[in-house]
Amino acid sequence: MSEERSLNFIEEIVEEDIHEGKHGGRVLTRFPPEPNGYLHIGHAKSICLNFGVAQKYGGQTNLRFDDTNPVKEDVEYVDSIKEDVKWLGFEWANELYASDYFDLLYAFAVNLIRQGLAYVDDSTPEEIAEQKGTPTEPGKGNKYRNRSVEENLRLFEEMKNGQFPDGAKVLRAKIDLASPNMHMRDPIMYRIKHAHHHRTGDKWCIYPMYDFAHGESDAIEEITHSVCTLEFIPHRPLYDWFIEKLEIFPSKQYEFARLNLNYTVMSKRKLLQLVTENYVDGWDDPRMPTISGLRRRGYTPASIRDFCERIGVAKRENMIDVGLLEFCIREDLNKTAWRRMAVLDPVKLIITDYPEGKSETVFNENNPEVEGGEGGREIPFSRELWIEREDFMEEPPKKFFRLAVGNMVRLKSAYIVKCEGFKKDEAGNITEIYCTHIPESRSGNDTSGINVKGTIHWVSVPHAKTAEVRLYDRLFQVEDPSNEDGDFKEYINPNSLHILPNAYIEPDLATAVPGKGYQFIRKGYFTLDKNSTPDKLVFNRTVTLKDGWVKK
RNA sequence: UGUCCGAUAGUAUAAGGGUAGUACAAGUGAUUUUGGUUCAUUUAGUCUUGGUUCGAAUCCAGGUCGGACAACCA
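Predicted model only: the values in this text are computed from it and were never measured.

## Observations regarding the confidence of the model for chain A
Right, on to step 1. For chain A, per-residue confidence averages 96 on the pLDDT scale, and residues scoring 70 or more make up 99% of the total.
Right, on to step 2. Here the predicted complex scores 0.96 on pTM and 0.97 on ipTM.

Below you can see the structure in the form of structure tokens.
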């Protein structure tokens, strides 16, 4: 148990509480998404924090759906959230819903009314906003604020019984209309919504607001550390106020800075727009920062957990470079992905001194990063090969280690070849490249004594299979689309998806398994798309390889 | 012009009165049948002004800059 990494401030708080014997040393956290959208990488940070802290200190974590606003929520989202949390590798102690507490919450509200700490207000939303004042001016009360306990009790029950239309009345906490904290100026606790709830159906027509549901749910579950993001700091006095007046379990709220990633957006509202307005192919489009999108893109749970570990947890606003996420997936896949050969932008290479009709096989290990290579496979080799168009240059710059007339390169796992010439069509496109090979240079028993600088990948023409390959780039052209002038969608990268309908892949790739990452040698990491079929293979590029060759 | 939160290399994150460290990014060199990997190495930082102290990134005061807060959203 040598722990080199220093504690983040949340862990410090938890550790201190344990040392002080608070709650008998018990640690219970919760991850509380509203089921109104898919989880994204920002949620992953929260998930890793909440589950991670609990795990570290022998505690547990509840998965609680904050489903207090039926008009925005749906079971589709509940299901996807559960899938994503599980996929990330975490197990919750209890699957819970704020809606499970509606009866209790109603009783809590009645309790506050009895104490003279809540009242029914008939004002319109506009009137309430108007009476609330501004951050620099105090608000003022209205006549409803002085209703008797009996009247409030009666009206609140009538609200519950459906005797009023939506918006006719609200229940408000009676706190302080002059508070410098806007959230303490008689916040709304309940509103009327004659809406069908995905769990409680039509039982209720009044629903609690976040502020009157979240802390209370924490208390009901006896959550010891309720961790949320910075924007809830001003809510904390209210969180504490309800708990104090209700005399319920004293859960405490702590806030950390949410994750911001450059070249993307992270708000559910914006992500929903991208989906509904068809800028992307659903919530799990591989360009989306959603967990499901990253999964479809080929990210692994371990790489995302590693990322969340590396970015740290603090209270200052941050903007993380997406390059760090890419580093994490490269590091993971470098150690685990099997190497395969695929030619994305093909041009034909003919070995003129290799017999027509002949073929042989060459061996390539699955993973050179692992002792023993995790086995390997035989790859068919023949006179005609597909190679990458960019691996040949008619007029090469200096330090170009690939093919050019007169140059020699190694064909990965096979022979060294020397370029003798090429053919162009009328339009000036190179159509064929001619080489001779050095028979003694065969990989494994090379007796040629020749050393070449470059090694290129290839696929045998008669043995090649085809696949569609999808290359992805960042979804936005600017680092922080939400902070630019105008609509964020104006900054969408028009070239974020590049489809290669006809790439050539080595035969073994026909057996590719969904969910498994492959390294296409020299090209990057790829994974099978969920819509791939044996008849039409589709690969998504997860990330390119790091490219140390800077062209000028 | 209210209340609250924050400020450490390019980006993040440590150092809790006593040597400013780590990761990513960037540069250089070596290794390499992937211009990948790996290894070595370099560059680069405490917002500001005062105070307390033998000693301050750390404690105190003022300033500056950034952010949050006035949905019947969460």
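The rest of the description comes next.
## Quick word on the pairing of strand 16 (residues 408–411)
Right, on to step 1. Relative to strand 17 (residues 416–424), strand 16 runs antiparallel, the two sharing three bridges. Across the sheet, the residue bridging to Arg410 is Ile416, located in strand 17.
Right, on to step 2. Joining the antiparallel neighbours strand 16 and strand 17 is a turn of four residues, in which Ser413 adopts a positive phi near 70 degrees.
Right, on to step 3. In terms of strand pairing, strand 16 meets strand 19 (residues 455–456) through two bridges, oriented parallel. Residue pairing in the sheet places Arg410 in a bridge with Thr455 of strand 19.

## Describing the packing of helix 11 (residues 301–311) against helix 12 (residues 322–336)
Right, on to step 1. Viewed as axis vectors pointing N to C, helix 11 and helix 12 meet at an angle of 135 degrees, and their least axial separation amounts to 9 Å. By the angle class used here, helix 11 and helix 12 are oblique. Of the two possible hands of crossing, helix 11 and helix 12 adopt the one that is right-handed. Each of Ala302, Ser303, Asp306, Phe307, Arg310 and Ile311 in helix 11 lies in contact with helix 12, whose residues at this interface are Leu324, Leu325, Phe327, Cys328, Ile329, Glu331 and Asp332.
Right, on to step 2. Looking at side-chain class alone, the contact of helix 11 with helix 12 contains eight nonpolar, one polar and four charged residues.

## Considering the pattern of salt bridges
Right, on to step 1. In the structure shown here, the tally under the stated rule is 44 salt bridges.
Right, on to step 2. Residue Arg296 is joined to Asp529 by a salt bridge in which the shortest nitrogen-to-oxygen separation is 2.8 Å. With a gap of 233 residues between them, Arg296 in helix 10 (residues 291–297) and Asp529 in the loop between strand 24 (524–528) and strand 25 (538–543) connect regions that are remote in the sequence. When sorted by exposure, Arg296 lands in the same class as Asp529, which is buried.
Right, on to step 3. In this structure, Asp508 engages Arg340 in a salt bridge whose closest nitrogen and oxygen atoms are separated by 2.7 Å. Within this pair, whereas Asp508 is found in the loop between strand 22 (497–505) and strand 23 (517–520), its partner Arg340 is found in strand 10 (residues 338–340), the two being separated by 168 residues in sequence.
Right, on to step 4. Asp508 gets classed as partly exposed once you look at its relative accessible area, which sits at 27%.
Right, on to step 5. Connected through salt bridges with shared partners, the residues Asp281, Asp284, Arg296, Glu468, Arg470, Asp529, Lys530 and Lys536 form a single ionic network.

## Some thoughts on helix 6 (residues 149–160)
Right, on to step 1. Look at helix 6: 16 Å from first C-alpha to last across 12 residues, which is about the 16 Å you get at 1.5 Å a residue.
Right, on to step 2. Those residues of helix 6 lying buried are Asn152, Leu155, Phe156, Glu158 and Met159. In an axial view of helix 6, the angular spread of the buried residues amounts to 160 degrees, which keeps them on one side of the axis.
Right, on to step 3. Just downstream of helix 6, Gly162 is the residue with a positive phi angle, here 80 degrees.

## Focus: the domain arrangement of chain A
Right, on to step 1. Structurally, chain A comprises domain 1 (9–258), domain 2 (261–338 + 467–543) and domain 3 (345–457).
Right, on to step 2. Here domain 2 and domain 3 have C-alpha centroids that lie 31 Å from each other.
Right, on to step 3. At the interface, 13 residues of domain 2 touch 19 residues of domain 3.
Right, on to step 4. In this assembly, domain 2 packs against domain 3 so that about 1,300 Å² is buried in total across both faces, 51% of it on carbon and sulfur atoms.
Right, on to step 5. If you sort the residues of domain 2 by the area they bury against domain 3, Trp338, Tyr504 and Arg522 come out on top, with a joint share of 43%.
Right, on to step 6. Viewed at the interface, domain 3 and domain 2 are joined by three salt bridges.
Right, on to step 7. Between Asp391 and Arg522 there is a salt bridge, and its shortest N-O distance comes to 2.2 Å.
Right, on to step 8. Run the count over domain 2 and domain 3 and you get seven residue pairs in polar contact (both at pLDDT 80 or more).
Right, on to step 9. At the level of elements, helix 12 and strand 22 are the ones that each hand at least two residues to the side of domain 2 that touches domain 3.
Right, on to step 10. With three residues, helix 12 is the largest single contributor of residues to the side of domain 2 that touches domain 3.

## A word on the sheet that holds strand 5 (residues 170–173)
Right, on to step 1. Taken together, four strands build an open sheet; the order of strands is 4-5-6-7 and the sheet is antiparallel. The outermost strands of the open sheet, each flanked by one partner alone, are strand 4 (118–121) and strand 7 (206–208). Taken pair by pair, the neighbouring strands of this sheet meet at an average axis angle of 20 degrees, ignoring direction.
Right, on to step 2. In the sheet, strand 5 pairs with strand 6 (residues 188–192) via three bridges, with the strands oriented antiparallel. Within strand 6, the residue paired with Leu171 across the bridge is Tyr190.
Right, on to step 3. Contacts from helix 4 (residues 102–114) reach strand 4, strand 5, strand 6 and strand 7 within the one sheet, and its direction differs from that of strand 6 by about 120 degrees.
Right, on to step 4. Contacting strand 4, strand 5, strand 6 and strand 7, helix 6 runs over the sheet at an angle of about 60 degrees to strand 4.

Procedures and definitions
Residues numbered from 1 in each chain as written. Chains lettered and ligands numbered in written order. Predicted model: local features only at pLDDT ≥ 70, side-chain atom pairs only at ≥ 80, totals over all residues. Heavy atoms only, no water. pLDDT = per-residue confidence, 0-100. Pairing = 2+ DSSP bridges. Helix = DSSP H or I, 4+ residues; strand = E, 2+ residues; numbered from the N terminus. Axes fitted to C-alpha atoms, helices over the stretch in contact; angles between N-to-C directions. Parallel < 35°, antiparallel > 145°, perpendicular 65-115°, else oblique. Left-handed = near helix turned anticlockwise from the far one by under 90°. Contact = heavy atoms within 4.5 Å. Nonpolar A, V, L, I, M, F, W, Y, C, P; charged D, E, K, R; others polar. Salt bridge = Lys/Arg side-chain N within 4 Å of Asp/Glu carboxyl O. Buried < 20%, exposed > 50% of the residue type's maximum accessible area, 1.4 Å probe, protein only. Expected span 1.5 Å × (residues − 1). Arc of directions from axis to C-beta. Domains from an automatic or database assignment. Buried area = accessible area lost by both parts, 1.4 Å probe. Polar contact = N/O pair within 3.5 Å; in protein donor to acceptor, adjacent residues only side chain to side chain.

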